[in-house]
Amino acid sequence: MANAMYNDLHRTFLQAMMSRAIISKTTACALLAQTSKLCGYQLPGDKAKDNELIEIVDEINAKISDFGQQLLLIKAESNSEEFLVFINLIDDSATMEKIDHVYSVKEREVFRLLLENIVRNENYGTLSSMEALNCIPNMRAGDVQDIIDKLVADQWFVETNDGRLVPAPRCIGEFDLYFKRNFQDYVQKCTCDTVVFYGVKCRHCNAINHRHCYVAFNKRRNGQPDKCPSCQEVVDPAAAAENGGGDETPTRQRKKGKRQARRSVSPAVENGHAAEEEEEPTPGPSRGRKRRGVKKE
């Protein structure tokens, strides 16, 4: 498809990803096929294969890593669906500079406080709807709810059917360093060294590991009883079936409304119809939430 030389295919695909921020792996393969056709590369099918996507992602990352940027494939723990995320890796962990150009001061403050309280919460990795409203001081509950709805629509958080707020794959990928630097005494790290909020929780050491990391670790054990990748203790199969941390499932699709972030699409991609994608699933689709209760002063 593409060789190691950085060319128009890489640039067009990267521009398309920068405008979208996060898409499913399936959609990413379709997008790559469309941009390949636009740039004069022929693929055997309508969608690129996984290895072709990984190849182009690796080649792009080799070019943009010096600028603190990366295309990252990340799995949603709810259903193991993979998403391709464009993230900024610049070390601004003490600030919220990553989102300065997107959100207002008030919105950034709500974002920051939600992250802090999700990490510090006794029920690690999640906030109830009332906890989310009450952790934001000096702001009307209705205004807080509007901002939360916007952050959910922008795929920073997902909302479960029982109204709990948990970090979405985009948030975990983009703010991994932020979590490690600012909440090192609170966050859980998987054996893959990335921050984890939900997955397989060990009853012996309380460590949480991504389900796919847990499965990969035990697949190498050739049928022996499953063990915790962190402490090597044998894990009860019933316990392994439970999610640790915030429960990301089940969730429902949030209807797209006026708060859905508008995407700026490259004219070249638009003309090549690469922007015409199937309905994009969110990492943990969420439902609209009614405002319940009154925020405490």
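Here the structure is a predicted model, which means the values were calculated and not measured. Sequence order sets the numbering: in each chain, residues are counted from 1 along the sequence as written. Only residues with pLDDT of 70 or above have their local features reported here, since the model is predicted, and side-chain atom pairs are shown and tallied only from 80 upward, although totals for entire chains, interfaces and linings are computed over all residues. The side-chain quantities take in all heavy atoms of the structure and omit both hydrogens and water.

S.K.: Please clarify how the confidence of the model for the protein should be interpreted in this entry.
M.R.: Interpretation of the predicted coordinates at a detailed level should be avoided for regions scoring low in pLDDT. Every residue gets a pLDDT, meaning the predictor's confidence in that residue, from 0 to 100. Taken as a whole, the protein shows an average pLDDT of 80; of its residues, 74% reach a score of 70 or greater. Comment: elements are numbered from the N terminus, with helices defined as DSSP H or I runs of at least four residues and strands as E runs of at least two. Per-element confidence in the protein ranges from a low mean pLDDT of 42 for helix H11 (residues 267–271) to a high of 96 for helix H6 (residues 141–153). In this description, contact between two residues means that some pair of their heavy atoms is separated by no more than 4.5 Å. In the predicted structure, residues 284–297 sits below a pLDDT of 50 and forms 49 contacts with residues beyond four places in sequence or in another chain.

S.K.: Would you explain the UniProt feature "domain: SWIM-type" (unreviewed entry) in the protein in this entry?
M.R.: UniProt positions are given in the numbering used here, feature names are shortened, and annotations may be inferred rather than shown by experiment. Under the UniProt annotation, "domain: SWIM-type" (unreviewed entry) lies at residues 175–213. Annotated as 26% helix and 26% strand, the span residues 175–213 places its first and last C-alpha atoms 20 Å apart.

S.K.: Hey, could you run me through empty space enclosed by the protein in this one?
M.R.: In this approach, a probe sized like a water molecule rolls over the atoms, and the result shows the empty space that is left. Residues are called lining when one of their atoms sits within 4 Å of a cavity or pocket point, these points coming from a 1 Å grid over the protein atoms alone, where a cavity is a set in which a 1.4 Å probe fits but cannot get out and a pocket is an open set with protein on both sides within 12 Å along at least five of seven lines. Grid points are joined across faces, edges and corners, and a volume is the space filled by probe spheres set on the points. Within the structure shown, the criterion is met by 2 cavities of 30 Å³ or more. Val200, Lys201, Cys202, Ala207, Asn209, Tyr214, Cys228, Pro229 and Val235 are the residues that line the largest cavity. Looking at the lining of the largest cavity residue by residue, the class counts come to 7 nonpolar, 1 polar and 1 charged. All amino acids are sorted into three groups, where Ala, Val, Leu, Ile, Met, Phe, Trp, Tyr, Cys and Pro are nonpolar, Asp, Glu, Lys and Arg are charged, and the leftover types, Gly among them, are polar.

S.K.: I keep staring at the packing of helix H4 (residues 105–120) against H6 and nothing clicks. Help me out?
M.R.: In helix packing, the relevant descriptors are the interaxial angle and the interaxial distance, both defined with respect to the helix axes. Axis angles are defined between N-to-C directions and span 0 to 180 degrees, where every axis is a line fitted to C-alpha atoms and, for a helix, only to the segment in contact. Here H4 crosses H6 at 75°, and the two axes come no closer than 10 Å. One way to sum up the angle between H4 and H6 is to call them roughly perpendicular. In this structure, H4 uses Lys106, Glu107, Val110, Phe111 and Leu114 to contact H6, whose residues at the interface are Ile147, Ile148, Lys150 and Leu151. Along the lines of polarity and charge, the residues of the contact of H4 with H6 split into 6 nonpolar, no polar and 3 charged. When an angle is under 35 degrees it counts as roughly parallel; over 145 it counts as roughly antiparallel; between 65 and 115 it counts as roughly perpendicular; any other value is oblique.

S.K.: Hey, could you run me through the packing of aromatic side chains in this one?
M.R.: To describe a pair of aromatic rings, one takes the distance between the centres and the angle between the planes. By convention, a stacked pair of Phe, Tyr or Trp rings (six-membered ring in the case of Trp) has centres within 6.5 Å and planes under 30 degrees apart, an edge-to-face pair has planes over 60 apart, and any other such pair is tilted. Applying the stated criterion across every chain, the model contains 9 aromatic pairs. Between phenylalanine 111 and phenylalanine 175, the aromatic rings sit 5.4 Å apart at their centres with planes inclined by 50°, giving tilted as the arrangement. Here phenylalanine 111 is found in helix H4, whereas its partner phenylalanine 175 is found in the loop between helix H7 (169–174) and helix H8 (176–182), with 64 residues between them in sequence. Take phenylalanine 175: its relative accessible area is 0%, and that puts it in the buried class. Here the aromatic rings of tyrosine 124 and phenylalanine 197 are separated by 5.4 Å at their centres, their planes lie at 25°, and the arrangement is stacked. Linking tyrosine 124 in the loop between H4 and helix H5 (129–134) with phenylalanine 197 in the loop between strand E7 (195–196) and strand E8 (198–201), this pair joins segments that are 73 residues apart in sequence. Chaining the aromatic ring pairs together yields one cluster made of Phe111, Tyr124, Trp156, Phe157, Phe175, Tyr178, Phe179, Phe183 and Phe197. For a lysine, the NZ atom is tested; for an arginine, the CZ atom; a charge sits over a ring if that atom is within 6 Å of the ring centre and within 35 degrees of the ring normal. Here arginine 170 stacks its cationic end above the ring of tryptophan 156, 3.9 Å away from the centre of that ring. Relative accessibility under 20% of the residue-type maximum defines a buried residue, over 50% an exposed one, and the middle range a partly exposed one, all with a 1.4 Å probe and only protein chains included.

S.K.: In this structure, what is going on with the side chain of asparagine 7? I would like to understand it.
M.R.: Along the chain, asparagine 7 falls in the segment before helix H1 (8–20). Side-chain polar atoms of asparagine 7 contact the side chain of tyrosine 41, separated by 2.8 Å. A 3.5 Å cut-off defines polar contacts: any pair of N or O atoms within that distance qualifies, except that in protein one atom must be a possible hydrogen donor and the other a possible acceptor, and neighbouring residues in sequence count only when both atoms are side-chain atoms.

S.K.: Help me understand the pairing of strand E3 (residues 82–88) in this model?
M.R.: Working note: regular strand, side chains alternate between the two faces of the sheet. Burial within E3 is extensive, with 5 of its 7 residues counted as buried. Of the pairings in the sheet, the one linking strand E1 (residues 22–24) to E3 comprises 3 bridges and is antiparallel in character. Its bridge partner lying in E3, serine 24 is registered against phenylalanine 83. Bridge count between strand E2 (residues 69–75) and E3: 7 bridges; the pairing is antiparallel. Across the sheet, residue leucine 72 finds its bridge partner in E3, namely valine 85. Strands qualify as paired when DSSP identifies two bridges or more between them.

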